[in-house]
Amino acid sequence: MKERQKAYLNSKKFIENNMLSSTGIYTNYLNKSIVSQEASGHQYLSESAGFYLLYLANSSSKNKFQNFYNTTKENFYYKGIFVYRLAANNEKKYKINATIDDLRIIKSLLVYDKIHKTNFYNNEARNLFRVYTF
């Protein structure tokens, strides 16, 4: 196995086994106790969710994508936006967003449909994007 492929598989395994939870992907692996105003410590970010969704959309795992998108929407979606951060205990949603993260999540839906030759998420993406149009 090539070193690059081995490193990729080891990274993927580490993320899925150590940083992925039923809520999302932790911001930080080691820093589990710090909770601050900045996005640090053992929290969840919509940015990480969006990147992971893009990864899953490009993979052959339809079920993992669908499950993680549903989890992302359930945990991060709030009044028309994806909040940018959640506390590790999922008790506090920071009611602001980073539009680029929202757009990355929406893009993952379109990428999924294109790669898997479906229209499964087309309307979902359109409805989410409608929030950003005037």
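Given the structure is predicted, the values throughout are model-derived calculations rather than measurements.

Asker: Would you take a moment to explain the overall build of the protein for this structure?
Answerer: Tallying secondary structure elements over the protein gives 5 helices and 4 strands in all. For the protein, the succession of helices and strands along the chain, N to C, is α-β-α-α-β-β-β-α-α. Sequence separation of 24 or more characterises 48% of the internal contacts of the protein that already satisfy a separation of 6 or more. Within the structure as shown, the protein displays about 8,300 Å² of accessible surface, and the carbon and sulfur contribution to it stands at 53%.

Asker: Mind showing me how you'd approach helix α3 (residues 62-76) here?
Answerer: Each full turn of the α-helix corresponds to 3.6 residues, which orients residues three or four apart in the same direction. In this model, α3 (15 residues) spans 21 Å end to end at C-alpha, consistent with the 21 Å of a helix rising 1.5 Å per residue. All of the buried residues along α3 are F65, F68, Y69, T71, T72, N75 and F76. When α3 is viewed along its axis, its buried side chains cluster within an angular range of 165° and face the same direction. With respect to the buried face of α3, the exposed residues turned more than 90 degrees away are N63, N67 and E74.

Asker: Is there a simple way to think about the environment of V83 in this case?
Answerer: Summarising the element assignment, V83 is placed in strand β3 (residues 81-86). Among the residues examined, V83 registers a relative accessible area of 0% and is labelled buried. Spatially, the C-alpha atom of V83 lies 7.5 Å from that of A98, the residues being 15 residues apart in sequence. Setting aside residues no more than four positions away along its own chain, V83 makes contact with S46, F76, Y78, K93, Y94, K95, I96 and N97.

Asker: What exactly am I supposed to notice about the packing of aromatic side chains here?
Answerer: Each pair of aromatic rings is reported with the distance of its centres and the angle of its planes. Applying the stated rule across the entire model yields 10 aromatic pairs. Between Y26 and Y44, the ring centres sit 4.8 Å apart and the planes meet at 25°, which makes this aromatic pair stacked. Here Y26 is found in the loop between α1 (3-19) and β1 (44-45), whereas its partner Y44 is found in strand β1, with 18 residues between them in sequence. One exposure class covers both Y26 and Y44, and it is buried. Consider the rings of Y69 and Y121, whose centres lie 5.6 Å apart with planes at 75°: the pair is edge-to-face. You can see Y69 sitting in helix α3 and its partner Y121 sitting in the loop between α4 (99-116) and α5 (122-130), a full 52 residues away along the chain. Residue Y69 shares its accessibility class with Y121, and that shared class is buried. Lying across the ring of Y77, K73 places its NZ or CZ 5.1 Å from the centre. Positioned above the aromatic ring of F51 is the side chain of R104, whose terminal nitrogen or guanidinium carbon lies 4.0 Å from the ring centre.

Asker: Where do I start with unusual backbone geometry in this structure?
Answerer: Peptide bonds are mostly trans, and most non-glycine residues show a negative phi. With a phi angle near 50°, K79 is a residue other than glycine that sits in the positive phi range. Take K79: it is sitting in the loop between β2 (77-78) and β3. Classification of K79 by relative accessible area gives exposed; the value is 70%. You will see that K117, though not glycine, has its phi angle at about 50°, which is positive. When its relative accessible area of 73% is taken as the criterion, K117 is described as exposed.

Asker: When you look at the nonpolar core in this model, what are you seeing that I'm missing?
Answerer: In globular proteins that are soluble, nonpolar side chains generally tend to be buried together. Of all hydrophobic cores here, the largest spans 26 residues; its most connected members are F65, F68, Y69, F76 and L109. Elements supplying a minimum of two residues to this core: α2 (46-57), α3, β3, α4 and α5. Here this core gets 6 residues from one element, more than from any other, and that element is α2. Ignoring any residue separated from it by four or fewer positions in sequence, one finds F76 in contact with T23, Y44, L45, S46, A49, I81, F82, V83, Y84, L86 and K93.

Rules of the game
- Residues numbered from 1 in each chain as written.
- Predicted model: local features only at pLDDT ≥ 70, side-chain atom pairs only at ≥ 80, totals over all residues.
- Heavy atoms only, no water.
- Helix = DSSP H or I, 4+ residues; strand = E, 2+ residues; numbered from the N terminus.
- Contact = heavy atoms within 4.5 Å.
- Areas by Shrake-Rupley, 256 points an atom, 1.4 Å probe, with all protein chains shown as cover.
- Expected span 1.5 Å × (residues − 1).
- Buried < 20%, exposed > 50% of the residue type's maximum accessible area, 1.4 Å probe, protein only.
- Arc of directions from axis to C-beta.
- Phe/Tyr/Trp six-rings, centres within 6.5 Å; stacked < 30°, edge-to-face > 60°.
- Lys NZ or Arg CZ within 6 Å of the ring centre and 35° of its normal.
- Core = buried A, V, L, I, M, F, W, Y, C linked by side-chain atoms within 4.5 Å.

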